[in-house]
Amino acid sequence: MIGDDFAELQLFITGPILLREEVRKAGLLPEFGHRDTENPKRFEPIMSNLMTIAGNPEGYLPVIFNGSGTNVLEASIRSLVSDSDKVLNVSVGAFGDLFHSIAVLNGKKAVQLKFPYGSAIDLEILDEALKEHKPDLVTFTHNETSTGVINDIVAVCELIHAHGADSIIDGVSIFGGAPALINECKPLMYCTSTQKSLGLPAGFGIGFVCEKALQKAEAVANRGYTTDIIAQVGKAKINQTLTTPNGTLANQMCVQLDYIVNDETVAGRFKRHEEMRSIAHKWAESMDGYELFAQDGYRSPSLTTFKTPSHMNIEKLKEVKELMRGHGYLFDPGYGKINKELAEQGESPIFRVGHMADIMPDMLSEYLGVLAGVLKGFN
Ligand SMILES: *Cc1c(COP(=O)(O)O)cnc(C)c1O
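Residues numbered from 1 in each chain as written. Predicted model: local features only at pLDDT ≥ 70, side-chain atom pairs only at ≥ 80, totals over all residues. Heavy atoms only, no water.

Undergrad: Residue-level account of the overall build of the protein chain, with values.
TA: Within the protein chain one finds 14 helices and 14 strands. In terms of overall dimensions, the protein chain is globule-like: its C-alpha atoms have a radius of gyration of 21 Å, near the 21 Å expected for 379 residues. With the principal axes as the frame, the protein chain shows a C-alpha extent of 60 × 55 × 35 Å. Put simply, the protein chain has 379 residues, and 56% of those count as buried. Contacts in the protein chain between residues at least 24 apart in sequence constitute 72% of all its contacts with a sequence separation of at least 6. As displayed, the protein chain offers around 15600 Å² of accessible surface, 52% of which is attributable to carbon and sulfur atoms. Distance from the positive charge centre (35 side chains) to the negative charge centre (48 side chains) of the protein chain: 3 Å. (Helix = DSSP H or I, 4+ residues; strand = E, 2+ residues; numbered from the N terminus. Rg over C-alpha atoms; globule rule 2.2 N^0.38 Å. Buried < 20%, exposed > 50% of the residue type's maximum accessible area, 1.4 Å probe, protein only. Contact = heavy atoms within 4.5 Å. Areas by Shrake-Rupley, 256 points an atom, 1.4 Å probe, with all protein chains shown as cover. Lys, Arg positive; Asp, Glu negative; His and termini not counted. Charge placed at Lys NZ, Arg CZ, Asp CG, Glu CD.)

If you want it as structure tokens, here you go:
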């Protein structure tokens with residue numbers, strides 16, 4: 001039968017993620033009409049629970065976009081950057097670069113500020129760039145999934161706003177795993193998606209949009225159709241989506257967000273992610289030759305990156321991946337482009353351990369124990 005050979009692996013990658021049993025079962029709930037009275041039974045609690053997870057940011061509205069996180073990033077660029085605006089895309093890794101590509105490919109006037117892999121945004125260097133480029137808007141990544149760095153987004157936004165520019169934040173891999181700090185940061189838009197720390201399949205992007213963003217969008221030409229936040233907000237206000245949503249995912253999201261808010265609690269979920277970060281850091285100390293890759297003080301609670309010893313290479317990490325598969329796990333051998341660049345510089349690769357969404361501390365400890373055994377075979 002189709003599916004008989006689909007492997008039941010525990011995913012320790014950085015999205016998609018392992019789904020809780022209850023979320024998988026929720027995939028069997030009834031399909032519904034998205035303009036029918038059945039729709040608000042799902043989307044009213046979804047919207048209100050999203051606000052709770054976001055810390056109830058004042059004046060913001062959650063918008064559900066079809067697609068994934070990238071679609072929301074694109075909507076923010078299409079709707080908020082006018083033809084006369086200059087946008088500065090600050091990057092600490094592959095997903096920061098993605099925001100710049102989206103701006104460039106949409107014909108926006110865009111400049112990029114790049115930090116070395118593993119580093120967080122340095123405020124002094126950002127200050128210089130803001131003085132030099134005088135951007136109207138600045139985009140940056142909350143939690144850089146390719147390097148395991150989490151930025152101090154409150155300080156970054158404060159600096160950006162002090163220069164008279166607006167901010168847009170990519171919070172795709174951290175929303176649901178740590179505070180989104182939208183109230184403290186006041187970005188025009190905070191973008192995220194379902195398949196990372198929220199613990200759902202991919203399929204929706206989520207954007208928190210404020211009144212100022214809608215006013216700004218009024219003056220932007222050619223916002224597109226699905227990328228127009230004004231049209232999107234029009235439907236979000238009545239707990240709907242602009243275009244037909246994935247009903248299976250909506251059912252699962254309704255169940256999962258209720259679990260996060262009312263069973264685990266948001267504070268408990270954030271605390272569990274911090275606990276898993278500590279477990280990953282302690283493991284690194286126990287591993288001879290392996291080091292934490294991200295800058296001290298800026299290490300993500302949803303994933304950890306490890307620098308391998310000099311005898312490791314990309315090919316060996318592929319072997320590690322296959323050996324881990326034999327133990328029932330999906331191992332993450334690092335972000336391809338970054339490891340290729342490291343190899344070109346004669347450096348050993350990094351690998352990632354995703355500990356986001358509904359991975360439990362004991363599951364992580366067990367995984368790291370198995371991984372330690374596999375890695376010892378490469379000494
Ligand atoms: C995964 C990810 C994206 C891309 O999101 P998709 O949902 O795959 O489109 C963007 N930014 C960050 C930080 C991510 O982790």
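Undergrad: Can you tell me about the sheet that holds strand β14 (residues 350-354), naming the residues and giving the values?
TA: Read from one edge to the other, the open sheet built from 3 strands follows the order β11-β12-β14, with strand pairing classed as antiparallel. The open sheet is flanked by β11 (291-292) and β14, the only strands paired with a single partner. Sheet analysis places β11 next to strand β12 (residues 303-307), joined by 2 bridges and oriented antiparallel. Bridge pairing links L292 to F306 in β12. Packing of helix α11 (residues 266-286) onto the sheet brings it into contact with β11, β12 and β14, and relative to β12 it is tilted by some 15°. (Pairing = 2+ DSSP bridges. Axes fitted to C-alpha atoms, helices over the stretch in contact; angles between N-to-C directions.)

Undergrad: With reference to specific residues and values, describe the state of the cysteines.
TA: For the structure shown, the criterion picks out 0 disulfides. Cysteine C191 is unpaired, with the sulfur of C210 as its nearest cysteine sulfur at 11 Å. (Disulfide = S-S within 2.5 Å.)

Undergrad: Give a description of the site of the ligand that names residues and reports values.
TA: Every one of the 13 residues lining the ligand counts as a neighbour, but S68, T70, T145, D170 and K196 are closest to it. Taking S68, its side chain carries an N or O atom lying 2.5 Å from an oxygen atom of the ligand. Side-chain polar atom of K196 to an oxygen atom of the ligand: 2.7 Å apart, as the coordinates give it. When the ligand sits alone it has 380 Å² of accessible area, and the protein chains cover 89% of it. Classifying every residue of the shell around the ligand gives 2 nonpolar, 9 polar and 2 charged. (Near = heavy atom within 4 Å. Polar contact = N/O pair within 3.5 Å; in protein donor to acceptor, adjacent residues only side chain to side chain. Nonpolar A, V, L, I, M, F, W, Y, C, P; charged D, E, K, R; others polar.)

Undergrad: Describe the sheet that holds strand β5 (residues 137-141), listing the residues and the values that go with them.
TA: Sheet architecture is open: 7 strands sit in the order β2-β10-β9-β8-β5-β3-β4, paired in mixed fashion. Each edge of the open sheet is held by one strand with a lone partner, namely β2 (60-66) and β4 (109-114). Going across the sheet, the axis of each strand differs from the next one's by a mean of 20°, ignoring polarity. Relative to the sheet, helix α4 (residues 94-105) contacts β3 (86-91), β4, β5 and β8 (166-170), its axis offset from that of β4 by approximately 165°. The strands touched by helix α8 (residues 211-218) are β5, β8 and β10 (204-210); relative to β10, the strand with the most contacts, the crossing angle is about 95°.

Undergrad: Give me the nonpolar core: which residues, what numbers.
TA: Residues L50, L126 and F208 are the most contacted members of the largest nonpolar core, which totals 80 residues. Broken down by element, this core gets its largest block of residues, 8 residues, from helix α10 (residues 247-264). There are two domains that each give this core at least three residues, and those are domain 1 (10-14 + 265-376) and domain 2 (21-262). Among all residues touching F208, those that are not within four sequence positions of it are L50, M51, A54, Y60, L61, P62, F175, I182, L188, M189 and Y190. Y290, Y329, M363 and L368 belong to the second-largest nonpolar core, a separate cluster that totals 26 residues. (Core = buried A, V, L, I, M, F, W, Y, C linked by side-chain atoms within 4.5 Å. Domains from an automatic or database assignment.)

Undergrad: Explain the domain arrangement of the protein chain residue by residue, including any values.
TA: You'll often see interface size given as the accessible area lost when the parts meet. Structurally, the protein chain comprises domain 1 (10-14 + 265-376) and domain 2 (21-262). A straight line from the C-alpha centre of domain 1 to that of domain 2 covers 26 Å. Counting residues at the interface gives 26 residues for domain 1 and 31 residues for domain 2. Across the domain 1 to domain 2 interface the summed buried area is about 2300 Å²; carbon plus sulfur atoms make up 60%. Sorting the residues of domain 1 by area buried against domain 2 places R269, F270 and Y298 first, and these three jointly supply 24% of that buried surface. At the surface where domain 1 touches domain 2, the tally comes to 1 salt bridge. Between D97 and K337 there is a salt bridge, and its shortest N-O distance comes to 3.8 Å. The tally of links from domain 1 across to domain 2 stands at 14 residue pairs in polar contact (both at pLDDT 80 or more). Counting residues per element, the ones that place at least two in the side of domain 1 that touches domain 2 are α11, β12, α13 (336-344) and β14. Among the elements that make up the side of domain 1 that touches domain 2, the one with the highest residue count is α11 (4 residues). (Buried area = accessible area lost by both parts, 1.4 Å probe. Salt bridge = Lys/Arg side-chain N within 4 Å of Asp/Glu carboxyl O.)

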